Amino acid sequence: MDSSDINSDRPLGRDDLTGTEPPPARVPAQRGPAPAESGAAAGTPGGAAETPAPEQERFWKAGRLEPMPIRSLPKAPPSIHLLGPTVFLVALGVGMGESYMWPRLVLIFGPEIRWLFLIGVTLQAVVMLEMSRYAMATGESIFFGAARVFKPLMWFFFVTAILVYIWPGHLSAGASAFERVTGIPWQATAVAGMLLVGVVFTLAKVVYNLLENVLSICIGLLVVGTSVVAAMVGSLSDLSTTLTGMFAFGYLPEEALSPAWFPVIVGSIAFAGPSGMQQMWYTLHLRDKGAGMGAHIPRIRGLRHAEEQETMPTRGFMFDTSDPAEMSKWKGWRRWVTFDAFVLFWGITMLVTVSFTVLAQASARFDPQVATVIRDGERDAALDAMAASFTAAGSPVFGTIFFLFISLIGLNATLGLFDSFSRGQADMTYFFVPGARRFSMSKLYGFFLWGLIAFGICILLFGPADGPAAILDTLAFLSTFAMGAYCVTLLLVNNITLPKPIRPGIVPNVLIAVAALFYLGMLFYSLFAYGVVVS
């Protein structure tokens, strides 16, 4: 790989070598003394032996930003595992899209519409693998990688994150379900939930550790709970049509192409798994997990422990891709993240979405008029219908449990979103806003976290949003554009900034290009064909 050397011409000091003693042992993180500093000169009189120059530190140049020093790649953990940074994508991926938006579409168009979900979540698994490629190879976020290619590209995502994720859509939807159980206005519950999230993150010693543990419990409850609910309410016929409907490629009834529903379908595809910029934020969770070269980067601490935050390096690191031993470790990391993508992320997401599809079909049998109610504008009717079918299978208590379950999903998604947004904005601010490094990464994280909470409270109490579903639909559709844009960015970053031995092959590149065309094509078709953004 390409490398550059850093030499110093400073004069000899009190602690420099004189040429008569052996050179000190070299610490890998530091450069060795340059020949001029050793006191030895070539061709010294008297035939004195020349002191060999120690090996100088090597760097990998990527773009116009600071080169990355070469460091050792840590050994990869076993490929088969249960917990890891994918817990964030799983938590977000099986959130409100699967429990709220797609059941609504199934009630209107039938389970055959789920082939679009299958395409969406499979593309996202591929995107996840390619996002991890850059993060594990460098310890940098994909935002840093975008800046290495073209700095305005990074600022585009900085602004996009603010425009898309300041809206408290996920938590407001969960709070709406909680209102059906308790009668407490959803705005009050959503405000209390945001404040709770802020306090928990502020008190955490290491934010990543806390979230990984909490979300792992929530995912376990989610997988077991949805499976039990589907088994109690659904039938083998529902399961059969759910599985076969996912392969009904090309099924798209005329109503689905209408101005009222096509934009919602586009947004729902963005919610087929983690939506919008959540895949980009995943690179930051990989770093805090210590995956690959992320092991060389300090982790973010809660605001209460901000004074304990270690100093962040000004750039990431690269490993020696010409070393067979290092490349062997790299292949181990790729196996580890592939298991994450296709077993944990794809598998769990598909399992939960099958359960919710079965539940939606049972709801349609119990209340055949629910589709008409949804068409008439009652977009929250899908949740009511699923709760009613669950109640019919047992007792009224089951309906209450169902809405509490939906509330938990909303809180679960909000934990991941608030952390991810704050993490991403803090990362871009720390490295690229002049003067920002006088604050620690933890303090910048806390600033964006509480800023997001304050804005969300103002929107819920005084903003123009007319209800949880409207907020979610807007977020979902805008997320589609972000997803198309980050696919293009991913192609540029991985193929320009990484050494050739670890760049993606033709198949991953083609799939990422297809994903970009898929998201952006549907988005602009909706805009130009119907002149609408959301229904």
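Residues numbered from 1 in each chain as written. Predicted model: local features only at pLDDT ≥ 70, side-chain atom pairs only at ≥ 80, totals over all residues. Heavy atoms only, no water.

> Hey, could you go over the nonpolar core for me, with residue numbers and the actual values?
The biggest cluster of nonpolar side chains holds 156 residues, and the ones touching the most others in it are F143, M277, W281, M318, F319, F356 and F418. If one sorts the elements of this core by residue count, helix α4 (residues 115–138) sits on top with 16 residues. (Core = buried A, V, L, I, M, F, W, Y, C linked by side-chain atoms within 4.5 Å. Buried < 20%, exposed > 50% of the residue type's maximum accessible area, 1.4 Å probe, protein only. Helix = DSSP H or I, 4+ residues; strand = E, 2+ residues; numbered from the N terminus.)

> Summarise the packing of aromatic side chains; cite the residues concerned and give the values.
Scanning the model with the defined rule gives 21 aromatic pairs in all. Between the aromatic rings of F518 and Y519, the centroid separation amounts to 5.8 Å while the plane-to-plane angle is 65°, which identifies the pairing as edge-to-face. The burial state of F518 is the same as that of Y519; both residues are buried. Here the aromatic residues F156, F157, F481, F524 and F528 are joined through ring pairs into a cluster of three or more. The lysine or arginine in question, R114, covers the ring of F117, its NZ or CZ lying 4.6 Å from the ring centre. (Phe/Tyr/Trp six-rings, centres within 6.5 Å; stacked < 30°, edge-to-face > 60°. Lys NZ or Arg CZ within 6 Å of the ring centre and 35° of its normal.)

> Got a sec to walk through the environment of W102? Specific residues and values, please.
Its location among the elements puts W102 in helix α3 (residues 96–109). Along the backbone, W102 and A272 are 170 residues apart, and their C-alpha atoms lie at a distance of 8.4 Å. Here the side chain of W102 touches S268 through a polar contact of 2.9 Å, landing on its backbone oxygen. (Polar contact = N/O pair within 3.5 Å; in protein donor to acceptor, adjacent residues only side chain to side chain.)

> Describe the pattern of salt bridges, and please don't skip the residues or the numbers.
Enumeration over the complete set of coordinates arrives at 15 salt bridges. The salt bridge partner of D427 is R287, with a shortest N-O separation of 3.0 Å. Here the residue D427 occupies a position in helix α16 (residues 396–432), and R287 occupies one in helix α12 (residues 278–289), the gap between them amounting to 140 residues. Taken individually, D427 and R287 each receive the classification buried, so the pair is uniform in this respect. For D419, the salt bridge is made with R423, and the minimal N-O distance between the two is 3.0 Å. Taken together, the residues span about one helical turn, with D419 and R423 both in helix α16 at a distance of four residues. Under the relative-accessibility criterion, D419 is labelled buried at 0%. Of the residues examined, R423 reaches a relative accessible area of 1% and is grouped as buried. Here the residues in one salt-bridge network are E130, R133 and R334, joined through shared partners. (Salt bridge = Lys/Arg side-chain N within 4 Å of Asp/Glu carboxyl O.)

> Outline helix α19 (residues 506–530), supporting the account with residue identities and numerical values.
Count 3.6 residues to each turn of an α-helix, and residues three or four apart come out pointing the same way. Between its terminal C-alpha atoms α19 stretches 35 Å, which fits the 36 Å expected from 25 residues at 1.5 Å a residue. Along α19, the positions that sit buried rather than exposed are N509, I512, A515, A516, F518, Y519, M522, L523 and S526. The first or second residue beyond α19 is G531, which carries a positive phi of 65°. (Expected span 1.5 Å × (residues − 1).)

Nothing here speaks to function; it is all geometry.
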